[in-house]
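A closer look at the structure
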Amino acid sequence: MTAVPFISLSLRPVRHLRSLCNLSLCNLRVPVTFLQATALELAILAGHLLLYPSGLFAERPGPGHPQDGDPAPGNGRRRPAQDEGACNPRPLDAEPASESECAPATPLPTGAGAVRPPAVLLHGFVDNRSVFVLLRRSLARHGWRHLECLNYSPLTCDIRTAAELLGRHIEEICARTGRSEVDIVGHSLGGLIARYYVQCLGGDQRVRTLVTLGTPHSGTTVAPLASAHPIVRQMRPGSAVIEELRRPAPGCRTRFVSFWSDLDQLMVPVETACVDHPDLIAQNVQVSGIGHLALPVHPAVAAGIRQALETSTSSADASGAVSVA
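The written sequence of each chain sets the order in which its residues are numbered from 1. Reporting in this predicted model follows two pLDDT cut-offs: at least 70 for local features of residues, and 80 or more for side-chain atom pairs to be given and counted; totals over whole chains, interfaces and linings ignore these cut-offs and use all residues. The side-chain figures draw on all heavy atoms in the structure; neither hydrogens nor water molecules are used.

**Here's the deal with the nonpolar core**
Throughout this description, the term nonpolar core refers to a set of buried Ala, Val, Leu, Ile, Met, Phe, Trp, Tyr and Cys residues connected via side-chain atoms within 4.5 Å. Any residue under 20% of the maximum accessible area for its type is buried, any over 50% is exposed, and the rest in between are partly exposed; the area is computed with a 1.4 Å probe on protein chains only. Formed by 34 residues in total, the largest nonpolar core has its most connected members in Ile159, Leu166, Ile184 and Ile193. Helix and strand assignments come from DSSP, with helices taken as H or I runs of at least 4 residues and strands as E runs of at least 2, each series counted from the N terminus. For this core, the elements supplying multiple residues, two or more each, are β4 (119-122), α5 (159-177), β6 (182-187), α6 (189-200), β7 (207-213), α7 (230-234) and α8 (240-246). We call two residues contacting when some pair of their heavy atoms lies within 4.5 Å. Non-local contacts of Ile184, meaning those with residues more than four positions away in its chain, are made with Val120, Leu166, Ile170, Ala194, Val207, Thr209, Leu210 and Val211. Counting 26 residues, the second largest nonpolar core, distinct from the first, contains Trp144, Val211, Ala302 and Leu309.

Written out as structure tokens, the structure is:
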């Protein structure tokens, strides 16, 4: 007699399975864009794993490059400007170099290249400079003459310390190039380090524009087990670092442009990648249809970054949000 209820209970899932089989793919509501974005993320991850070893160490420094129209060393004669798009990055925790580390590249015709400040590219958590291979090439091809890619150690355990080291390197870059300001593009954690430097360490005197890509400005709750790492804990909502960034920042001169994606699975919630601060000049740019890893490599995002770096503060729309992909 006990077998009857057992058989009855075992048949109920079968009836539910039959109902599920009658559902169409549309009723399952699996967005095609989500599947496409996931496939793209996996492809980018595979490619990045191949390139990752190439970004572990700094390349051999090249000859120094004086500013456009500056005298060439040793002969007092002026030499033509050289493009510095293919940069030779250094670890962020290394001593600043005394020479430029960028190799020439052929830029596309542009009328604004001579007035652009150096652009500093800063990677994300457990990453390195190799993530910027395509973006660096895009900037160089469109006339950026001085690009710096800085590595920070994967063993970095404190955003504040990394921000201080970033500040030292930016001072060295300004001294070496003769420029008073730089632009920064930071991916993920790199954007948070740069923002801390700008907002809490007086970096707004040196940074004209800070572009962030998928940066957890308000903290992210993704991957709770990753909180074992100290720097991940600093990226959690309510951490001491996030609370410091919430403090008033009157008179901050730097312009912020934040690219955030509606399919960024590392930003939870996705809006955490937006800059939301009443004292900051900020523009949040929504990118549709791509994930976290695609932000520094997608051509539409690269075009948006170029536009952001070319736009003056006075013409920026601090409240706008547009789709670029």
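**Quick notes on the packing of aromatic side chains**
Stacked, edge-to-face and tilted are the three classes for Phe, Tyr and Trp ring pairs, Trp counted by its six-membered ring, which pair at centre distances within 6.5 Å; planes under 30 degrees apart are stacked, over 60 edge-to-face, the rest tilted. Enumeration according to the criterion identifies zero aromatic pairs in this entry. Taking NZ or CZ as reference, Arg116 lies 3.7 Å from the ring centre of Trp144, over its face. By the criterion adopted, a ring carries a charge over it if an Arg CZ or a Lys NZ lies within 6 Å of its centre and within 35 degrees of its normal.

**Comments concerning the pairing of β7**
The buried fraction of β7 amounts to six of the seven residues, a majority that puts the element mostly inside the structure. Any two strands are treated as partners once DSSP identifies two or more bridges connecting them. In terms of strand pairing, β6 meets β7 through six bridges, oriented parallel. The residue bridging Ile184 from the neighbouring strand is Leu210, located in β7. If you view a crossover with the strands going away from you and the path from the first strand over the helix to the second runs clockwise, you call it right-handed. A crossover connection joins β6 to the parallel β7 through α6; in handedness this β-α-β unit is right-handed. The pairing of β7 with strand β8 (residues 255-261) spans five bridges and is parallel.

**What about helix α4 (residues 133-141)?**
Within the sequence span of α4, burial applies to Leu135, Arg136, Ser138, Leu139 and Ala140. Once α4 ends, the next one or two residues include Gly143, with phi positive near 105 degrees.

**Re the confidence of the model for the chain**
Confidence scores here are pLDDT values: one per residue, from the predictor, ranging 0 to 100. Taken as a whole, the chain shows an average pLDDT of 77; of its residues, 67% reach a score of 70 or greater. Across residues 1-29, confidence stays below pLDDT 50; counting only partners more than four residues off in sequence or on other chains, it has one contact. Here residues 313-320 is modelled with pLDDT under 50, and outside its nearest four sequence neighbours on either side it reaches eleven contacts, counting other chains as well.

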